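Structural overview for review
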Amino acid sequence: MPELPEVETVARDLRRHLLPDAGGPGPVITGARVSWAKTVRGEDPAAFTEGVAGRRVEAVGRRGKNIVVDLDGGAFLTIHLKMTGQVFVVPATTPVDPYERLALSLDDGREVRFRDVRKFGRIGLYAADDNPFDDLGPEPLDPRFTLRAWRDRLRGRRGRLKPLLVDQSFVVGVGNIYADEALWRSQLHPLRSADTLRPKDERELYRHVLEILAEAVERRGSSIDDYTAPDGDGEMQERLDVYQRTGEPCVRCGHPIRRIVIGIRATHFCSWCQRLPAADRAASARLLATMTPRPGGGAGAGARKGRRWVDLDGAGSLGRSPDEDGRAREREERASRTARTKAAAAARRAAARAGTVMP
Ligand SMILES: [Zn+2]
């Protein structure tokens with residue numbers, strides 16, 4: 001699904017096509033052709049068509065994963081691409097694609113066409129005082145989104161990092177691809193809980209979320225699945241280190257990239273260089289216990305309810321190899337023996353000071 005960099009790219013291309021000279025007047029929408037009613041938010045194509053007709057395009061921007069087209073009179077359109085939405089600006093004489101769901105005709109002889117194979121995309125028309133973005137978190141690439149603002153939002157969050165990063169009320173624009181990439185760059189496990197982050201981890205994650213998004217915007221996004229923009233594909237897919245690279249060697253350490261499914265989201269990470277801290281292991285092990293077993297690597301029973309965990313086997317998934325686990329256990333035993341010895345010695349000293357004799 002397109003994320004911030006992809007949506008930003010579509011918005012920029014669309015702006016270039018509709019408003020080629022900044023500050024100059026944009027085209028006027030003369031009508032709409034709705035071929036799939038559900039594409040229109042509110043599912044009222046007649047009201048939509050009437051509402052957009054005669055309005056001039058004034059600006060094109062983005063909020064979260066929505067393309068926002070400002071019209072005169074304060075009205076605005078939102079375009080959410082969802083899984084497979086694509087936007088093109090073409091001469092009205094161009095043959096209509098069978099997957100076109102909605103088109104806006106312009107007074108300059110062109111059309112803005114929304115093509116959407118899977119039909120999850122939505123286009124909404126709003127009045128000046130509507131706020132469809134009430135629930136959205138801050139824009140990560142906004143200069144006002146400082147490290148301090150990031151820390152303030154993280155504090156008190158107890159969820160695991162992967163679901164937290166893709167939560168649009170936490171911060172907008174991050175989805176499956178860039179969450180996995182940012183976590184890998186930060187060397188943080190996707191199942192790590194937010195409340196175990198040290199200040200250094202918070203800073204690293206902030207830095208890498210911003211870095212990967214900015215880099216992807218520069219490369220016009222990742223053309224994976226159906227994503228493309230009015231002026232063509234992106235090339236960020238060539239630069240991804242973990243996303244959809246299951247089984248390939250991690251470029252940092254050479255161990256194979258793993259894939260787990262958290263809820264409905266495939267998550268890619270390196271269990272070798274994205275370790276879970278001790279505090280998180282017990283809870284994660286409980287989660288892992290609910291994973292669907294896959295005897296012989298099969299598709300699993302699917303009979304069990306709850307979270308699906310696939311392609312996951314052994315302690316390595318928790319951030320340690322069996323070998324490391326053994327060493328860690330020895331270390332813990334040694335530490336606890338040392339602690340017991342020290343406690344006993346301290347008790348003997350205290351007893352000696354008190355003038356009693358310990359057995
Ligand atoms: Zn690695």
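Below is a summary of the structure that appears in this document. Keep in mind it's a predicted model, so treat the numbers as computed, not measured. (Residues numbered from 1 in each chain as written. Predicted model: local features only at pLDDT ≥ 70, side-chain atom pairs only at ≥ 80, totals over all residues.)

What follows covers the nonpolar core. Within the largest apolar cluster, 65 residues are counted, with the highest numbers of intra-cluster contacts made by Val10, Ile67, Val69, Val174, Tyr178 and Ala182. Per element, the largest residue contribution to this core is seven residues, and it comes from helix 6 (residues 199-218). Among the domains, domain 1 (4-126) and domain 2 (147-279 + 312-317) are the pair contributing at least three residues each to this core. Beyond its immediate stretch of four places on either side in the chain, Val174 contacts Glu3, Leu4, Leu165, Val166, Ala179 and Val209. (Core = buried A, V, L, I, M, F, W, Y, C linked by C-beta atoms within 7 Å. Buried ≥ 20, exposed ≤ 12 C-beta atoms within 10 Å, placed from the backbone. Helix = DSSP H or I, 4+ residues; strand = E, 2+ residues; numbered from the N terminus. Domains from an automatic or database assignment. Contact = placed C-beta atoms within 7 Å.)

Okay, the sheet that holds strand 1 (residues 29-34) next. If you walk across this open sheet you meet the four strands as 1-6-7-5, and the pairing is antiparallel. Each edge of the open sheet is held by one strand with a lone partner, namely strand 1 and strand 5 (85-91). Geometrically, the sheet is characterised by an average inter-axis angle of 15° between neighbouring strands, direction not taken into account. As defined by bridge partners, strand 1 adjoins strand 6 (residues 100-106) across five bridges and the pair is classed as antiparallel. Bridging from a neighbouring strand, Gly31 pairs with Ser105 of strand 6. Against the sheet, helix 2 (residues 45-52) makes contact with strand 1 and strand 6, and its axis sits at roughly 165° relative to strand 1, the strand it touches most. (Pairing = 2+ DSSP bridges. Axes fitted to C-alpha atoms, helices over the stretch in contact; angles between N-to-C directions.)

Before going further, it helps to spend a moment on the environment of Tyr206. Considering the arrangement of structural elements, one finds Tyr206 in helix 6. Residue classification places Tyr206 among the buried residues on the basis of 22 C-beta atoms within 10 Å. Excluding its chain neighbours within four sequence positions, the residues that come into contact with Tyr206 are Leu147 and Trp150.

This next bit is on helix 1 (residues 4-18). An ideal rise of 1.5 Å per residue puts 21 Å on 15 residues; helix 1 measures up with 21 Å between its terminal C-alpha atoms. The element helix 1 is largely enclosed, with a buried count of twelve among its 15 residues. Of all the residues in helix 1, the buried ones are Leu4, Pro5, Glu6, Val7, Glu8, Thr9, Val10, Ala11, Asp13, Leu14, Arg15 and Leu18. Among the structural elements, strand 2 (57-63), strand 3 (66-71), strand 5 and helix 6 are those in contact with the buried residues of helix 1. (Expected span 1.5 Å × (residues − 1).)

Here the focus is the environment of Arg281. Note that Arg281 resides in helix 7 (residues 278-289). For Arg281, a count of 20 C-beta atoms within 10 Å puts it in the buried group. Along the primary structure Arg281 and Arg192 are separated by 89 residues, whereas in three dimensions their C-alpha atoms are 8.7 Å apart.

Strand order in the open sheet formed by four strands is 2-3-4-8, with antiparallel pairing between adjacent strands. Edge strands, defined here as strands with exactly one partner in the open sheet, are strand 2 and strand 8 (122-126). Ignoring strand direction, the axes of neighbouring strands in this sheet form an average angle of 20°. The sheet strands contacting helix 1 are strand 2 and strand 3, and the helix crosses strand 2 at an angle near 170°.

Quick look at the pairing of strand 2 now. One ladder, built from six bridges, connects strand 2 with strand 3; its direction is antiparallel. Within strand 3, the residue paired with Val60 across the bridge is Val69.

Our next topic: the packing of helix 3 (residues 147-154) against helix 6. Packing of helix 3 against helix 6 leaves a shortest axis separation of 10 Å and a crossing angle of 115°. The way helix 3 lies across helix 6 gives a crossing that is right-handed. Residues Leu147, Trp150, Arg151 and Leu154 of helix 3 form the contact with helix 6, whose own contacting residues are Glu202, Arg203 and Tyr206. (Left-handed = near helix turned anticlockwise from the far one by under 90°.)

The next subject is the pairing of strand 9 (residues 258-262). Note: strand 9 against strand 10 (residues 265-269), five bridges, orientation antiparallel. Bridge assignment links Ile262 to a residue of strand 10, and that residue is Arg265. The loop that links strand 9 with its antiparallel partner strand 10 comprises two residues; one of these, Gly263, has a positive phi angle of about 65°.

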